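Reading the structure
Here is how the chains run, residue by residue.
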Amino acid sequence: GAVVSQHPSWVICKSGTSVKIECRSLDFQATTMFWYRQFPKQSLMLMATSNEGSKATYEQGVEKDKFLINHASLTLSTLTVTSAHPEDSSFYICSAVRQGALETQYFGPGTRLLVL
Amino acid sequence: QKEVEQNSGPLSVPEGAIASLNCTYSDRGSQSFFWYRQYSGKSPELIMFIYSNGDKEDGRFTAQLNKASQYVSLLIRDSQPSDSATYLCAVNMDSNSGYALNFGKGTSLLVTP
């Protein structure tokens with residue numbers, strides 16, 4: 001299989017705090033991971049592309065200083081939402097591309113963030 | 001703006017029937033097409049992908065691709081209540097995003113017993 005995990009699955013935090021979300025590929029190496037955000041009744045929107053060992057590429061309209069991405073190894077990428085505000089409340093989902101299986105993305109279970 | 005369009009539904013079919021889900025896309029350069037299923041509150045799970053024109057079958061699922069018409073569909077045979085979910089069509093984005101996907105808004109499918 002191709003298993004991707006995310007931690008935590010649920011986060012409730014106060015406005016102004018920072019939240020770190022981890023995305024791990026458990027049984028394969030992933031040179032590329034993606035971070036998506038999904039608001040209720042909406043589709044997944046790509047936030048950024050994370051490549052191991054290099055800076056993330058952010059989509060237009062996504063603040064790179066607010067959404068910090070680190071891809072330190074072939075199995076781990078982290079997304080840190082800095083100074084979170086209620087409008088950042090959403091479902092954050094990562095996906096990983098398995099080496100040798102290009103273009104097939106495997107999604108993590110998602111992290112639901114609620115900022116009070 | 002590169003678009004992926006899907007009818008939001010809900011599409012309601014009786015158990016045992018064939019469900020037909022449709023998707024159109026605007027970027028003629030797209031090469032890879034994916035169907036994901038998403039249950040409420042869960043992340044998407046890959047059903048199948050298709051690269052070439054024509055049909056591709058996997059169990060009860062058949063993906064159909066027509067690049068000339070910029071159209072991709074998913075057929076679900078012998079639909080089961082457990083197939084009730086939102087089905088997301090996804091198309092690969094341009095090379096600046098690597099292999100990132102552009103998702104449609106999804107079609108809600110309801111299979112009634």
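One can find the structure itself at the top, above this paragraph.
A brief structural summary. (Residues numbered from 1 in each chain as written. Chains lettered and ligands numbered in written order. Predicted model: local features only at pLDDT ≥ 70, side-chain atom pairs only at ≥ 80, totals over all residues. Heavy atoms only, no water.)

Residues and elements named next belong to chain B. In space, the five strands of this open sheet follow the order 1-3-8-7-6, with antiparallel pairing throughout. Edge positions in the open sheet fall to strand 1 (4-6) and strand 6 (54-58), since each of these has one partner strand only. Put simply, the sheet's adjacent strands are angled 20° from each other on average, direction ignored. Pairing of strand 7 (residues 61-66) with strand 8 (residues 71-76) involves six bridges; the strand directions are antiparallel. Looking at the pairing, Asn66 lines up with Tyr71 of strand 8. (Pairing = 2+ DSSP bridges. Helix = DSSP H or I, 4+ residues; strand = E, 2+ residues; numbered from the N terminus. Axes fitted to C-alpha atoms, helices over the stretch in contact; angles between N-to-C directions.)

This part covers the pairing of strand 2 (residues 10-13) of chain A. Residues and elements named next belong to chain A. Residues Val11 and Cys13 of strand 2 are buried on one face, while the alternating residues Trp10 and Ile12, pointing to the opposite face, are not. Relative to strand 11 (residues 111-115), strand 2 runs parallel, the two sharing four bridges. Note on strand 11: the bridge partner recorded for Ile12 is Leu114. (Buried < 20%, exposed > 50% of the residue type's maximum accessible area, 1.4 Å probe, protein only.)

The subject of this paragraph is the pattern of salt bridges. Charged atoms that come close allow side chains of opposite charge to pair. Residue and element names in this part refer to chain B. Per the stated rule, a full pass over the model turns up six salt bridges over all chains. For Arg37, the salt bridge identified is with Glu45, shortest N-O distance 3.4 Å. When its relative accessible area of 15% is taken as the criterion, Arg37 is described as buried. Several salt bridges converge on common partners, so that one network encompasses Arg37, Glu45, Arg60 and Asp83. (Salt bridge = Lys/Arg side-chain N within 4 Å of Asp/Glu carboxyl O.)

Counting from both sides, the interface comprises 21 residues of chain A and, opposite them, 21 residues of chain B. The junction of chain A with chain B conceals about 1,700 Å² of combined surface from both sides, 55% of it contributed by carbon and sulfur atoms. At the surface where chain A touches chain B, the tally comes to zero salt bridges. Here chain A is connected to chain B by five residue pairs in polar contact (both at pLDDT 80 or more). The element contributing the most residues to the side of chain A that touches chain B is strand 4 (residues 32-38) of chain A, with three residues. Class assignment of the residues belonging to the side of chain A that touches chain B gives a composition of nine nonpolar, nine polar and three charged. (Contact = heavy atoms within 4.5 Å. Buried area = accessible area lost by both parts, 1.4 Å probe. Polar contact = N/O pair within 3.5 Å; in protein donor to acceptor, adjacent residues only side chain to side chain. Nonpolar A, V, L, I, M, F, W, Y, C, P; charged D, E, K, R; others polar.)

With that out of the way, let us pick up the state of the cysteines. One pass over the full model with this rule turns up two disulfides over all chains. In this model, A:Cys23 is linked to A:Cys94 through a disulfide, with the two sulfur atoms separated by 2.0 Å. Sign of the S-S torsion, about 80° for the bond between A:Cys23 and A:Cys94, identifies this disulfide as right-handed. Taken together, the positions of A:Cys23 in strand 3 (residues 19-25) and A:Cys94 in strand 9 (residues 90-97) put the pair 71 residues apart, joining distant regions of the chain. A:Cys94 carries the same exposure label as A:Cys23, and that label is buried. Disulfide partner of B:Cys23: B:Cys89, at an S-S distance of 2.1 Å. Its S-S torsion of approximately -70° makes the covalent link between B:Cys23 and B:Cys89 left-handed. Here B:Cys23 is found in strand 3 (residues 19-25), whereas its partner B:Cys89 is found in strand 9 (residues 85-92), with 66 residues between them in sequence. (Disulfide = S-S within 2.5 Å.)

All we've got here are geometric facts, nothing functional implied.
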